[in-house]
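# Observations on the three-dimensional arrangement
Here are the chains, one letter per residue:
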Amino acid sequence: MAIEVFEDGDETLCFQATRLDGDEAWVYELSEVRPAPTSWAGAGLPGDALVTVMAYDPEVEKPPCVYFAPDEVVTLSSLRVFLDRVTEHLDKVVGGEDSGR
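Residues numbered from 1 in each chain as written. Predicted model: local features only at pLDDT ≥ 70, side-chain atom pairs only at ≥ 80, totals over all residues. Heavy atoms only, no water.

### A short note on the sheet that holds strand β1 (residues 2-8)
Sheets are built from strands that pair by backbone hydrogen bonding, the pairs being arranged parallel or antiparallel. Condition: One bridge is not enough; two strands pair if DSSP finds at least two bridges between them. In this description a helix means any DSSP run of H or I spanning at least four residues, a strand means any run of E spanning at least two, and both kinds are numbered starting from the N terminus. Here the axes come from fitting lines to C-alpha atoms, over the contacting stretch only for helices, and the angles between their N-to-C directions go from 0 to 180 degrees.
Read from one edge of the open sheet, five strands run β1-β2-β3-β4-β5, paired in antiparallel fashion. The open sheet is flanked by β1 and β5 (65-68), the only strands paired with a single partner. With direction set aside, neighbouring strand axes in the sheet form an average angle of 25°. Relative to strand β3 (residues 25-35), strand β2 (residues 11-20) is paired through eight bridges, and the arrangement is antiparallel. Residue pairing in the sheet places Gln16 in a bridge with Glu29 of β3.

So, in structure tokens, the structure goes:
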């Protein structure tokens, strides 16, 4: 699992990548950051997903799917940063730079 916190304007957001071995897929989530305990020195925790991408391994032959949380608003710039991160991560794990596990 990979978690990255980033800022877009006045929002602090979280990018999370999780491998689902049983489904032969990666799940990517964009969420708002929730405060972590003060002892974690400024770290944040992912909140509920605003946008989720399910990207299957190439041999599964299913296209990536994007899901949006109902009644949530995501700025275009935040969505672009998120999708850029998804693309970069997929290029690494599918392109062979990383085993993905």
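Resuming the write-up.
### Considering the pattern of salt bridges
Stated formally: Salt bridges are identified by distance alone: a Lys or Arg side-chain nitrogen within 4 Å of an Asp or Glu carboxyl oxygen. Relative accessibility under 20% of the residue-type maximum defines a buried residue, over 50% an exposed one, and the middle range a partly exposed one, all with a 1.4 Å probe and only protein chains included.
Across all of its chains, the model carries three salt bridges by this definition. One salt bridge connects Glu4 with Arg85, and the closest N-O pair in it is separated by 2.7 Å. With Glu4 in strand β1 and Arg85 in helix α1 (residues 76-94), this pair connects stretches of sequence that are 81 residues apart. Classification of Glu4 as partly exposed rests on a relative accessible area of 30%. Residue Arg85 is classed as partly exposed on the basis of its relative accessible area of 21%. Residue Arg34 is joined to Asp48 by a salt bridge in which the shortest nitrogen-to-oxygen separation is 3.5 Å. Here Arg34, found in strand β3, pairs with Asp48, found in strand β4 (residues 44-56); they are 14 residues apart in sequence, far enough to count as distant.

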